[in-house]
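# Descriptive analysis of the structure
Listed here are the chains, written in short residue letters.
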Amino acid sequence: MTELIAGLFNYWVVIFLMMAGLYVVMSSRHLVKKIIGLNIFQTAVFILFISMGKVSGGSAPILADGITLYSNPLPHVLILTAIVVGVATTALGLAIAVRIYEAYDTVDEEDIAALDTDDQQRDNAVLTTKTSS
Amino acid sequence: MISAQLPAIVLLLTLLTAPVCSMMRHGDHAWKLSMAAVWLSVVAAFALMQQVSGGVTLSYEMGGWPPPWGIEVRIDELSALVVVLITLFGALVISALRESLRTVMRSHRHSLYYATFLLCMASLIGITITGDAFNVFVFLEISSLSTYALIARGRDRRALVAAFRYLIMGTIGATFILIAIGFMYMVTGTLNMADLAQRLPEHTDNRVIQASFAFFMVGIALKVAMFPLHYWLPSAYTYAPKATTAFLAATATKVALYVMIRFVFDVYGVEFSFEQMRLDLLLIPLSIAGIVIGSMTAIFQSDVKRLLAWSSIAQLGYMVLGMSLLNVNGLTASVTHMFNHAMIKAGLFLALAAMIYRVGTSQLRDLSGIGRTMPLTTAAFVILGAGLVGVPLTAGFISKWYLISGALDKGWLPLAILLIITSLMALAYIAKIVDVAYFKPVPADHQPVKDVPVSLLVPVWIFAVLTIYFGIDTDMTAGVAERVAQTLLGVAS
């Protein structure tokens, strides 16, 4: 039982972070909080990759004299790329959130949806007045 | 010598032009540079198609590192067809983009827009030609990020919300694909797709591989906008800038479908995906639901852009259905429709962009009588609409024919009848537009409009002519698709 928890501790953390991140994305009304939830979710995946790259008894994958066993460097490379992708996504998401704030005066998702429905009803009202005239 | 480097050239032309475009001050110079880059890529794509015709697979080592340690570029007939799709339709849309952008943003921003557009094209080409699974994820994210930026530049403020929703959903989907790649690497130790295809069959009992298959299918289904993960598509297509919707409708979802076909049939294999994991039991009901719901929702839309977006969801349902029928006719239909629908939808959205350029809105009421004020554009729209429905002598007929043959090959007559009924639904929403365009009077409070400038009209008519051409000469589309289907399914011709 302890082997199941202690031996696989990294993977339990991964599962917890992944679910926490997805919950934050789904339940938050604030756009910036959604982006933070997305970041937490992506961090969980990074931990998953790095945990699988560790070789028992291996040292950090940097060449040095006298060390014969290294951890696998490839997951580290993959995760560096994925971190950069995550940073770019966060930057773009925040830029769009700033523009939404300038256009709507709010970053609350439900208020934005209400304003959008008003827009939609205004469009439809214009249509009906045109057809009736 | 150049022909040996073609796989790298077709990617690098657009990729390297993008930063150069972003540094230019005048939108017109950036447009001319982009035109040169993309039309050269079209030439390179057709040259590649020539090189792989007949079933040859090109393998190119990036940087000279041999696979499986280096990133390999693998091009076979399916990849070459998709590269031709991306470059040719992207080039036609960019030709129309200079005129169309004038009404959307100020001219000093145009260069940045072309740069983003070129990045999107380059990354889509990258997804198609790469032979490394993680590279697929990287290029997929590049294409998604540039797509979010392209959509957010729409004039209506709802474009920002559509781009934000697509960003959240798209990133979750791409991260699911990353998890799937991680699981596959964990078990087999390789990221090269051909190597994975060889090593995965011995691990099919491993629950990690089964979990990776599940994560991958959910992630890629979101990118393909397969029902029920299609929520982002209608708003994104409706509020994006006019000509951009044409490009996105033609390429983004089709390339995601290519990734789905490549991984399901090549990497995971037919036995694992369909016989062990029973993917067909999942895909067939969902794709039928997508087709029916997409067509029905399209009939009731009053905004023509949103109507065409829901029609895209229905057509993507056809493609996924063809893939899951598991016979040569079905898969041929899927690949052929991928090409034909890209062509038809891009033409339709571009014709609609021309109409909005003059009229100002895409609401159906405001477009009444447009058949008389803009005769050339509307005539092209009608030809493309006939292609969408599947009238004989147009490209749409070819793909529908193969799809119905595939359904009949399995002995499912009700499905074949359902496909014919949904084609009639497509006829309903196209007829609705044609009726308003030709048989209703022009609204009294409208400014008089005339037809659009040549730079917008010529690409639209090229799409219309191609629709008829590929309905008659099907060597490049259905011929290639049939050979691809036979190879992927492992059936001797």
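The preceding data block contains the structure.
Read on for an overview of the structure. (Residues numbered from 1 in each chain as written. Chains lettered and ligands numbered in written order. Predicted model: local features only at pLDDT ≥ 70, side-chain atom pairs only at ≥ 80, totals over all residues. Heavy atoms only, no water.)

## Description of the overall build of chain A
Secondary structure assignment for chain A yields five helices and zero strands. Here the C-alpha atoms of chain A give a radius of gyration of 23 Å, more than 25% beyond the 14 Å that 2.2 N^0.38 yields for 133 residues. Across its three principal axes, chain A shows a C-alpha extent of roughly 85 × 35 × 25 Å. By the burial criterion, 33% of the 133 residues in chain A qualify as buried. Per element, the accessible surface of chain A, about 7900 Å² overall, is 68% carbon and sulfur. In chain A, 7 positive and 12 negative side-chain charges are present, and the distance between their average locations comes to 2 Å. (Helix = DSSP H or I, 4+ residues; strand = E, 2+ residues; numbered from the N terminus. Rg over C-alpha atoms; globule rule 2.2 N^0.38 Å. Buried < 20%, exposed > 50% of the residue type's maximum accessible area, 1.4 Å probe, protein only. Areas by Shrake-Rupley, 256 points an atom, 1.4 Å probe, with all protein chains shown as cover. Lys, Arg positive; Asp, Glu negative; His and termini not counted. Charge placed at Lys NZ, Arg CZ, Asp CG, Glu CD.)

## Digging into the packing of aromatic side chains
On inspection of all chains with the given rule, the structure shows 19 aromatic pairs over all chains. Three or more aromatic residues joined by ring pairs make a cluster, and in this case those are Phe 89, Phe 339, Phe 463, Tyr 469 and Phe 470 of chain B. Taking the ring centre of Trp 31 of chain B as reference, the NZ or CZ of Arg 98 of chain B above it sits at 4.0 Å. One Lys or Arg, Arg 157 of chain B, reaches over the ring of Tyr 104 of chain A and ends 4.1 Å from the middle of that ring. (Phe/Tyr/Trp six-rings, centres within 6.5 Å; stacked < 30°, edge-to-face > 60°. Lys NZ or Arg CZ within 6 Å of the ring centre and 35° of its normal.)

## Describing the nonpolar core
In this structure, Met 260, Phe 263 and Phe 265 of chain B are the most contacted members of the largest nonpolar core, which totals 204 residues. Ignoring any residue separated from it by four or fewer positions in sequence, one finds Phe 263 of chain B in contact with Ala 133, Val 136, Met 184, Met 193, Phe 216, Tyr 268 and Gly 269 of chain B. (Core = buried A, V, L, I, M, F, W, Y, C linked by side-chain atoms within 4.5 Å. Contact = heavy atoms within 4.5 Å.)

## What to know about unusual backbone geometry
Peptide bonds are, in most cases, trans, and in most cases residues other than glycine have a negative phi. Cis peptide bonds are those with omega within 30 degrees of zero, and the linkage from Phe 227 of chain B to Pro 228 of chain B qualifies with 0 degrees. As for its placement among the helices and strands, Pro 228 of chain B is situated in the loop between helix H8 (207-224) and helix H9 (232-239). With a phi close to 70 degrees, Asp 105 of chain A is a non-glycine residue in the positive phi region. With respect to the helices and strands, the residue Asp 105 of chain A is situated in the loop between helix H4 (73-104) and helix H5 (109-132). Residue Asp 105 of chain A is classed as exposed on the basis of its relative accessible area, which comes to 62%. Although it is not a glycine, Ala 225 of chain B adopts a positive phi angle of roughly 60 degrees. One can find Ala 225 of chain B in the loop between H8 and H9.

## What about empty space enclosed by the protein?
Residues and elements named next belong to chain B. For the coordinates displayed, the defined rule picks out nine cavities of 30 Å³ or more. There is about 100 Å³ of room inside the largest cavity. Forming the boundary of the largest cavity are Cys 120, Leu 124, Ile 127, Leu 140, Ser 143, Ser 144, Thr 147, Tyr 166, Lys 223, Ala 252, Val 255 and Ala 256. Of all the elements in the fold, those that place two or more residues in the lining of the largest cavity are helix H4 (110-129), helix H5 (133-151) and helix H10 (242-267). Among the elements that take part in the lining of the largest cavity, H5 stands out by supplying four residues, more than any other. A per-class count over the lining of the largest cavity returns eight nonpolar, three polar and one charged. (1 Å grid on protein atoms, 1.4 Å probe; cavity = no way out; pocket = protein on both sides within 12 Å on 5 of 7 lines; lining within 4 Å. Points joined across faces, edges and corners; volume = space filled by probe spheres on them. Nonpolar A, V, L, I, M, F, W, Y, C, P; charged D, E, K, R; others polar.)

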